[in-house]
Amino acid sequence: NNAGHSSLPSSSSSWRHPIRSTNAYFTQLSFIFSGKFLSWIAIVQFSLSGGVMTLMWSIGLPLFKELGIDASRQQLYMTMIISPYALKPFIGVASDLYPIGGYNKRYLALFSIILGLMGCSTLLTLFHSGAAAA
């Protein structure tokens, strides 16, 4: 008697059922990649991404206190610091949808490096000019 099961999602709409679609995703992933590789990816993601964020948050407060920055400014600066992490998925999708010169990531990575270097140089210049004035 299948009358009570008519509301279950069909295979074409499995995305509506999170457990079934997640299980299917990981099953397909394990057929494509080895368990050793998937374990390595998980370790890298949890340790590097989580470790970098934890380090950044734990170093931020003492650093900003030493520089004499008040709490409201610190929150603003920390939001600006983590904004690249928040925008990372959108940048990834945009680079896949709109390749520049036939390359999905090459020119976007180069632009990001140059933009980051310019930002670091600007902050360094502002910090040193502020320290010299004080």
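Residues numbered from 1 in each chain as written. Predicted model: local features only at pLDDT ≥ 70, side-chain atom pairs only at ≥ 80, totals over all residues. Heavy atoms only, no water.

A count of helical and extended segments in the protein chain gives four helices and zero strands. Listed by position from the N terminus, the elements making up the protein chain come as α-α-α-α. Here the protein chain holds 134 residues, and 7% of them are scored as buried. For the protein chain, long-range pairs separated by at least 24 residues make up 22% of all intrachain contacts whose partners lie at least 6 apart in sequence. When the accessible surface of the protein chain is totalled, it reaches about 11200 Å², and 70% of it is carbon and sulfur. (Helix = DSSP H or I, 4+ residues; strand = E, 2+ residues; numbered from the N terminus. Buried < 20%, exposed > 50% of the residue type's maximum accessible area, 1.4 Å probe, protein only. Contact = heavy atoms within 4.5 Å. Areas by Shrake-Rupley, 256 points an atom, 1.4 Å probe, with all protein chains shown as cover.)

Here the focus is the packing of aromatic side chains. For the coordinates displayed, the defined rule picks out three aromatic pairs. Between F33 and F37 the ring centres are 5.2 Å apart and the planes differ by 35°, which places this aromatic pair in the tilted class. You can call F33 partly exposed: its relative accessible area is 36%. Arranged with centres 5.8 Å apart and planes meeting at 45°, the rings of F64 and Y77 form a pair that is tilted. Taken together, the positions of F64 in helix 2 (residues 35-66) and Y77 in helix 3 (residues 71-97) put the pair 13 residues apart, joining distant regions of the chain. (Phe/Tyr/Trp six-rings, centres within 6.5 Å; stacked < 30°, edge-to-face > 60°.)

With that settled, consider the confidence of the model for the protein chain. The predicted model of the protein chain averages 77 in pLDDT, with 84% of residues at 70 or higher. pLDDT under 50 marks residues 1-10. Its contacts with residues more than four places away, or in other chains, come to two contacts. (pLDDT = per-residue confidence, 0-100.)

The end-to-end C-alpha distance of helix 3, which contains 27 residues, comes to 40 Å, matching closely the 39 Å that a straight helix rising 1.5 Å per residue would cover. In the structure, helix 3 departs most strongly from a straight axis at K88, where the bend amounts to approximately 45° and where the proline P89 lies between one and four residues downstream. Within helix 3, burial applies to Q74, M78 and S95. (Expected span 1.5 Å × (residues − 1). Bend = angle between axes of the 7 residues up to and from the residue.)

Tracing the chain through its elements places Q74 in helix 3. Overall, Q74 belongs to the buried group, its relative accessible area being 12%. Excluding its chain neighbours within four sequence positions, the residues that come into contact with Q74 are G60, L61, F64 and I69.

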